[in-house]
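# Commentary on secondary and tertiary structure
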2 protein chains.
Amino acid sequence: MTPPPAPDSFPVYERKDFFRFELLHQSSKEGSRARVGRLHTPHGNVNTPGFVAVATNGALKAVDHDWGNQAGQELTFCNTYHLLLQPGPDVIKACGGLHKFVNRNRPIITDSGGFQVFSLAHGSVFDELNMKSRSNRHRSETSSVLKISEEGCLFRSYRDGRKVLLTPESSVQAQKAYGSDIIIPLDELHPYHIDSEALLRCVLRSHRWEARSLKEHLKDVRQQAMYAVIHGGVDPTLRKASCEYLTALPFDGFAVGGALGKDRDELIEVLRVTMPHLPVDKPNHLLGIADEPSIWAGAALGVDTFDSCFPTRIARHGTLLTQQGPVYIRKQVHKEDLRPLEEGCECFTCKRHSRAYLHHLYRAFEPLSATLLSIHNIAYMNGLMARIRAKILRNEL
Amino acid sequence: MTPPPAPDSFPVYERKDFFRFELLHQSSKEGSRARVGRLHTPHGNVNTPGFVAVATNGALKAVDHDWGNQAGQELTFCNTYHLLLQPGPDVIKACGGLHKFVNRNRPIITDSGGFQVFSLAHGSVFDELNMKSRSNRHRSETSSVLKISEEGCLFRSYRDGRKVLLTPESSVQAQKAYGSDIIIPLDELHPYHIDSEALLRCVLRSHRWEARSLKEHLKDVRQQAMYAVIHGGVDPTLRKASCEYLTALPFDGFAVGGALGKDRDELIEVLRVTMPHLPVDKPNHLLGIADEPSIWAGAALGVDTFDSCFPTRIARHGTLLTQQGPVYIRKQVHKEDLRPLEEGCECFTCKRHSRAYLHHLYRAFEPLSATLLSIHNIAYMNGLMARIRAKILRNEL
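Parameters and conventions
Residue numbering note: each chain is counted from 1, following its sequence as written. As a convention, the first chain written is A and the first ligand written is 1, with the rest following in written order. With pLDDT at 70 or above as the cut-off, local features in this predicted model cover only qualifying residues; side-chain atom pairs require 80 or more to be listed or tallied, and sums for whole chains, interfaces and linings still use all residues. Note: side-chain values were computed over all heavy atoms of the structure, leaving out hydrogens and water. Two strands pair under a simple rule: DSSP has to find at least two bridges between them. Each helix is a run of H or I in the DSSP string that is no shorter than four residues. Each strand is a run of E no shorter than two, and both are numbered from the N terminus. Comment: axis = line fitted to C-alpha atoms, over the contacting stretch for helices; angle = value between 0 and 180 degrees taken between N-to-C directions. Superposition of the copies used a least-squares fit over C-alpha atoms from residues whose pLDDT is at least 70 in both. Contacts were defined at the residue level, with two residues in contact if any of their heavy atoms lie within 4.5 Å. UniProt positions are given in the numbering used here, feature names are shortened, and annotations may be inferred rather than shown by experiment. Burial classes: relative accessible area under 20% of the type maximum marks a residue as buried, over 50% as exposed, and values in between as partly exposed (1.4 Å probe, protein chains only). For this analysis, a salt bridge means a side-chain nitrogen from Lys or Arg found within 4 Å of a carboxyl oxygen belonging to Asp or Glu. Polar contact criterion, stated in full: a pair of N or O atoms within 3.5 Å, where within protein one must be able to donate a hydrogen and the other to accept it, and residues adjacent in sequence count only if both atoms are side-chain atoms. Our angle categories are set so that under 35 degrees counts as roughly parallel, over 145 as roughly antiparallel, 65 to 115 as roughly perpendicular, and the remainder as oblique. Throughout, a crossing is termed right-handed when the near helix is turned clockwise from the far one, and left-handed when it is turned anticlockwise from it by less than a right angle. For this analysis, a ring pair means two rings from Phe, Tyr or Trp (six-membered ring only for Trp) whose centres lie within 6.5 Å, classed as stacked if their planes differ by under 30 degrees, edge-to-face if by over 60, and tilted for the remaining angles. Counted as over-ring charges are cases with an Arg CZ or a Lys NZ within 6 Å of the ring centre that also lie within 35 degrees of the ring normal.

## Side note on the sheet that holds strand E1 (residues 20–26) of chain B
Residue and element names in this part refer to chain B.
- Sheet architecture is open: three strands sit in the order E1-E2-E3, paired in antiparallel fashion. A strand with exactly one partner marks an edge of an open sheet, and here the two such strands are E1 and strand E3 (44–48). Here the strands of the sheet are splayed against their neighbours by 15° on average, with no regard to which way each runs.
- In terms of strand pairing, E1 meets strand E2 (residues 35–41) through six bridges, oriented antiparallel.

## Examining the relation of the copies chain B and chain A
- Structural alignment of chain B on chain A gives an RMSD of 0.0 Å, achieved by rotating through 180° and translating 0.0 Å along the axis. On the angle and the small slide along the axis, the relation comes out as a two-fold axis. Residue Pro 367 of chain B, judged by its C-alpha, is the member of chain B lying nearest the rotation axis, at 3.8 Å.
- Interface overlap between copies: 100% of the residues of chain B at the interface are likewise at the interface in chain A, consistent with a symmetric, same-surface contact.

## As for the UniProt feature "binding site: substrate" (unreviewed entry) in chain A
Residue and element names in this part refer to chain A.
- On the UniProt side, "binding site: substrate" (unreviewed entry) is annotated at positions that read Asp 111, Ser 112, Gly 113, Gly 114, Phe 115, Asp 187 and Gly 258 here. Spatially, the listed residues are clustered: although they cover 148 residues, their C-alpha atoms lie within 13.4 Å of one another.
- Relative to the elements of secondary structure, Gly 114 occurs in helix H5 (residues 114–122).
- Residue classification places Gly 114 among the buried residues on the basis of a relative accessible area of 0%.
- Discounting residues that sit within four places of it in the chain, Gly 114 has contacts with Leu 166 and Leu 186.

## Some words on the sheet that holds strand E4 (residues 50–54) of chain B
All names here are of chain B.
- Judged by pairing direction, the barrel is parallel, and its eight strands sit side by side in the order E4-E5-E6-E10-E11-E12-E13-E14 before closing back on the first.
- Here two bridges tie strand E6 (residues 108–110) to strand E10 (residues 182–183), and the two strands are oriented parallel to one another. Along E10, the bridge assignment pairs Ile 109 with Ile 182.
- Packing of helix H9 (residues 196–219) onto the sheet brings it into contact with E10 and strand E11 (225–230), and relative to E11 it is tilted by some 175°.
- In the packing of helix H11 (residues 264–274) onto the sheet, the strands contacted are E11, strand E12 (253–256) and strand E13 (284–286), and the crossing angle to E12 comes to about 150°.

## Concerning the pattern of salt bridges
- Evaluated as defined, the whole model comprises 38 salt bridges over all chains.
- Arg 205 of chain A serves as the salt-bridge partner of Glu 188 of chain A, at 3.6 Å between the closest nitrogen and oxygen. Residue Glu 188 of chain A is located in the loop between strand E10 (182–183) and helix H9 (196–218), and its partner Arg 205 of chain A is located in helix H9; the two are separated by 17 residues in the primary sequence.
- Here Glu 188 of chain A falls in the buried class, since its relative accessible area comes to 13%.
- By relative accessible area, Arg 205 of chain A is classed as buried at 17%.
- As a salt-bridge pair, Arg 222 of chain B and Asp 220 of chain B come within 2.9 Å of each other at their nearest N and O atoms.
- Connected via shared salt-bridge partners are Glu 150, Glu 188, Arg 205 and Arg 208 of chain A.

## Considerations on the UniProt feature "active site" (unreviewed entry) in chain A
Residue and element names in this part refer to chain A.
- UniProt records the feature "active site" (unreviewed entry) at Asp 111 and Asp 307, using the numbering of this structure. A maximum C-alpha distance of 11.0 Å is found for the annotated residues, which run over 197 residues; spatially they form one tight group.
- Relative to the helices and strands, Asp 111 resides in the loop between strand E6 (108–110) and H5.
- Apart from the residues lying within four places of it in its own chain, the contact partners of Asp 111 are Phe 77, Cys 78, Asn 79, Thr 80, Tyr 81, Gln 116, Gln 175 and Ile 184.
- A polar contact is formed between the side chain of Asp 111 and the side chain of Asn 79, at a distance of 2.8 Å.
- Note that Asp 307 resides in strand E14 (residues 305–308).
- With residues near it in sequence (within four places) discarded, Asp 307 still touches Val 52, Val 54, Phe 77, His 285, Leu 286, Leu 287, Gly 288, Ile 289 and Ala 290.
- Of note is the side chain of Asp 307, whose polar atom sits 2.8 Å from the backbone nitrogen of Gly 288.

## What to know about helix H8 (residues 168–178) of chain A
Residue and element names in this part refer to chain A.
- Among the 11 residues of H8, eight are classified as buried, and the element is accordingly described as predominantly covered.
- Listed as buried for H8 are Pro 168, Ser 171, Val 172, Ala 174, Gln 175, Lys 176, Ala 177 and Tyr 178.
- Downstream of H8 by one or two residues, Gly 179 has phi in the positive range, about 75°.

## Looking at the packing of H9 of chain B against helix H10 (residues 236–247) of chain B
Residue and element names in this part refer to chain B.
- Relative orientation of the contacting elements H9 and H10 amounts to 15°, with a least axis distance of 11 Å. In terms of orientation, H9 lies roughly parallel with respect to H10. Crossing angle aside, the handedness with which H9 passes H10 is right-handed. Touching Leu 199, Leu 200, Val 203, His 207, Glu 210 and Ala 211 of H9 are Leu 238, Ala 241, Ser 242, Tyr 245 and Leu 246, all from H10.

## Some details on the packing of aromatic side chains
- Evaluation of the coordinates by the stated rule reveals 15 aromatic pairs over all chains.
- The interplanar angle of 35° and the centroid separation of 6.4 Å between the aromatic rings of Phe 118 of chain A and Trp 209 of chain A together place this pair among those described as tilted. Taken together, the positions of Phe 118 of chain A in helix H5 and Trp 209 of chain A in helix H9 put the pair 91 residues apart, joining distant regions of the chain. The pair formed by Phe 118 of chain A and Trp 209 of chain A is uniform in burial state, with each residue classed as buried.
- Put simply, the rings of Trp 67 and Phe 348 of chain A together with Trp 67 and Phe 348 of chain B touch in pairs and so form one group of aromatic residues.
- Directly above the aromatic system of Phe 10 of chain A lies the positively charged group of Lys 215 of chain A, at a separation of 5.0 Å from the ring centroid.

What follows is the structure, encoded as structure tokens:
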């Protein structure tokens, strides 16, 4: 088993002016690691703790970035895998990079594409825990992943069937073409049920791939930052070891990734054993988790940013987030309700429309429904983060 | 065969301040009936000739009325049939009427619901001319229309299977509940292929139904206007007779409806024989037609407003209207094209986004695509109408 490259084989880390994390406040509440900060990027600032909306194909599904911005969206997540297949990095580069292509002059973070490729190969932890075995068999029989090796991962495009090789280097190059403010290096996603030897093998390969990614990145940094992805599954020793190896390399920040546990308790335990090993002067990110209880727990443990497509996805399916709990807009009770989704909410949807109209649009399958409902949930998430920051500033979290 | 009620059985028409047509200019070009006017309604003015966008279920499909307004939309068309089944007139009334329900403080015209019901019974002219006979058989076997009689039309709701009786009176009452600025009375749609005796029977029934509608309307006018629907198929004598009967009744305006011919030439011929029999001091409307060549021809013949769902429908399917001809956004040629859909267009979409991004959104099946593309086509149609008005003012049409 090849060990990952030694830390001293990397150039010395130099603080880069175009990307820095400003720690504004550390909660003085006992036992808390909660903090309020500000991420400075070439495309503006991100207040932390912050919600990162997911624009898989470059758009927030039914929402224009202009409307997302109005709903307070700062950092936004795009998926390298999807953009690799459509429209492709060359097109985005020819169009002046992702910010110009999607016309959004605020910070963008992209992932490596690995998550989607490995999800296709053996499903996400969620799939693994929830899907019937027959579905899993079906998945492995029809998987579009052709070969996983030390070099990278060969898969077949779901769009046109062509073979695509995703390597640490090609993933970085795609993200260079996008011009993302924050690059995530390629890692190896493993199943939740894995023996300790296989898990170690996986963590070490991720370390090697991330080191290769960083080397590729440092050849031509431009105005981009790179976060490492901390691995180790639910094994505290491996999580600590992963932090130790990756924080010794000149990454600009750290994302907590890999298998994050089978439920929220395990997730919180993973964060509890991981977060203390991350440097306080660098930003961190929790990959793919942004349900409200996890955000509260994560923020208390020092997590700076949280991404998830769930607020916009559930909006499209009629579940709206409010401080009084979820509103299920398809329910008959909203039929003649002239109140907005949430009293006092300043979003475009709440300022313009009643629950009655939103209920009708949803029932009538009007496409506008997805747009209006998503705008509200984005605004809700950003309002939630503002409330969390205020609470930390009062040392109450 | 019952004849329609005599015109002298109606109250004398009195000009209503809340609804009036201001004739601003009549083209002096030889043979032209083109005119520029302004319709004054309780919810603002409509410049004519004007494009009437269709918001079937109360929404412009993927476009909020706020964005439609920004794209210049004045008069908007809603469908009584759809709103009757979802959410229902009672809900709309309880929510303060259609303008408040959909939050649009600009004029709204609604139809009677008859078009949809009769389309279900025997298909539209388009279906009749274009669909395979097997499809037509299938249609008549599965038709949700249960009974058509002098009283009205009994049909089954496609949403929940309940029986709904649409009569001239119930259609007017639904439109009263909506609070539409312009009400269209119930008429009987007939197939394109129909013998002259059946056509006459149909026209006479429409006249009786429209007279009943008008009587129902005049019981409680509120701030609403009612247009008659001129019938007569492609028979010039019947069209003239329909104009004569209906213009003798105190309607506020006239819509040209019924079977409008099998192609554009027949449509223009119908308008040529109909328009001279409509009073110049009242507004008129062409039902369901708003393709560009028909608009130019119709405007020259004196048509004031044109409704059609086609500009937003083709937008959702990737066809964009520009002064340089249609743009098919799915075509590869737009892949890296950083120009807007149309140079100089001031719509939200053209001011923000490139063809390259719109091409990508369309290819990636992003729901935002429908919104952005629809906004452009609405803006295009309103720009087209402004150019037509300018041409008429210069006596060039």
